[in-house]
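# Chains, contacts and geometry: an overview
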Amino acid sequence: MKKEDCFYLGKIVKKYSFKGEVLAKLDTDQPDIYEHLDAVFLDLRNNLVPFFVEHSQLHKSELLRIKFEDVDTESDADAIMKSHLYLPLDLLPKLDGNKFYFHEVIGFNIKDVNFGDVGIIKGINDSTAQALFEIDRDGTEILIPMNDEFIEQVDRDNKTIVVNSPEGLIDLYL
C-alpha cells in the first residue's frame, strides 16, 4: 500500500497501559466512525505497515484507545510511538455538496464570481489559523482562504470550485 492510496487518520500520542495499549489523536471531525477498526497502516520508517486491531474505543472524545495484535508490552508500544496512522482512501465517507477532502481538490480549477478564472489548486496550506487554497496562476502563487462563506460551489464533475473572494484579494497577487 502506498501513501498516495491512503488518507492520514491520526497519530499515536501516548501509551495507555503496560499491556501495549496506545492512544491515537485522530484528525477528524467524526472520531466515532473510526471507533471499531479492523486494521490500520502505521508509517514506520517511511513504510506503511499493516497493524491489526484487537480492540479500540474512543477515549475522552477525540482520542482513540487502541490495542494492536502483537503489541503486548510497553516496549512494543514505545516502538510505534509517534507513528502516523493511515487508512485506504476507499474507507473515507463520501462527501457531497460543498464539503470536500483536501486531497480531493488538488488539480481543481478555481473560478471567482467577480474575477473569473483564477488558476489551478496545487495544494492546501492548513498550517495557518485559516486553511488556504494554494493556487498556481501561470507561475504566480495566489492564496485564497478556505472559508465556507467564500465557497459558492464545488463541481466535482468539472473539477471546478467557484469562490466569491473579498474584492481586491486576487489583485494583490498580480
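Residues numbered from 1 in each chain as written. Predicted model: local features only at pLDDT ≥ 70, side-chain atom pairs only at ≥ 80, totals over all residues. Heavy atoms only, no water.

## Structural notes on unusual backbone geometry
The condition is simple: Strands here mean DSSP runs of E at least two residues long; helices mean DSSP runs of H or I at least four residues long; both are numbered from the N terminus.
The phi dihedral of K82 is positive, around 70 degrees, even though this residue is not glycine. Examined against the element boundaries, K82 turns out to sit in the loop between α1 (74-80) and β6 (84-88). Positive phi values are uncommon outside glycine, yet K159 reaches one of about 50 degrees. Relative to the elements of secondary structure, K159 occurs in the loop between β11 (151-155) and β12 (160-163).

## Remarks on the packing of aromatic side chains
Given two aromatic rings, their pairing is described by the distance between the two centres and the angle made by the two planes. Heads up, the condition is: Between the rings of Phe, Tyr and Trp (Trp by its six-membered ring), a pair exists once the centres lie within 6.5 Å; its type follows the angle of the planes, with under 30 degrees stacked, over 60 edge-to-face, and the other angles tilted.
Counted according to the given criterion, the structure contains four aromatic pairs. A ring pair is formed by Y8 and Y86, whose centres lie 5.8 Å apart and whose planes are at 70 degrees; its orientation type is edge-to-face. Placement of the pair is Y8 in strand β1 (residues 6-15) and Y86 in strand β6, with a sequence separation of 78 residues. Relative to F68, the ring of F51 has its centre 5.4 Å away and its plane inclined at 70 degrees; by these criteria the two rings are edge-to-face. On the criterion of sequence distance, the pair formed by F51 in strand β4 (residues 47-59) and F68 in strand β5 (residues 63-68) is long-range, its members being 17 residues apart.

## Here's the deal with the sheet that holds strand β3 (residues 39-44)
So the rule is basically this: Only strands joined by at least two bridges in the DSSP assignment are considered to pair. Axes here refer to lines fitted to C-alpha atoms; in helices the fit is confined to the stretch in contact. Angles between the N-to-C directions go from 0 to 180 degrees.
Ordered in space as β1-β2-β5-β4-β3-β6, the six strands form a closed barrel in which the pairing is antiparallel. Shown here is a sheet whose adjacent strand axes are inclined to one another by a mean of 45 degrees, direction ignored.

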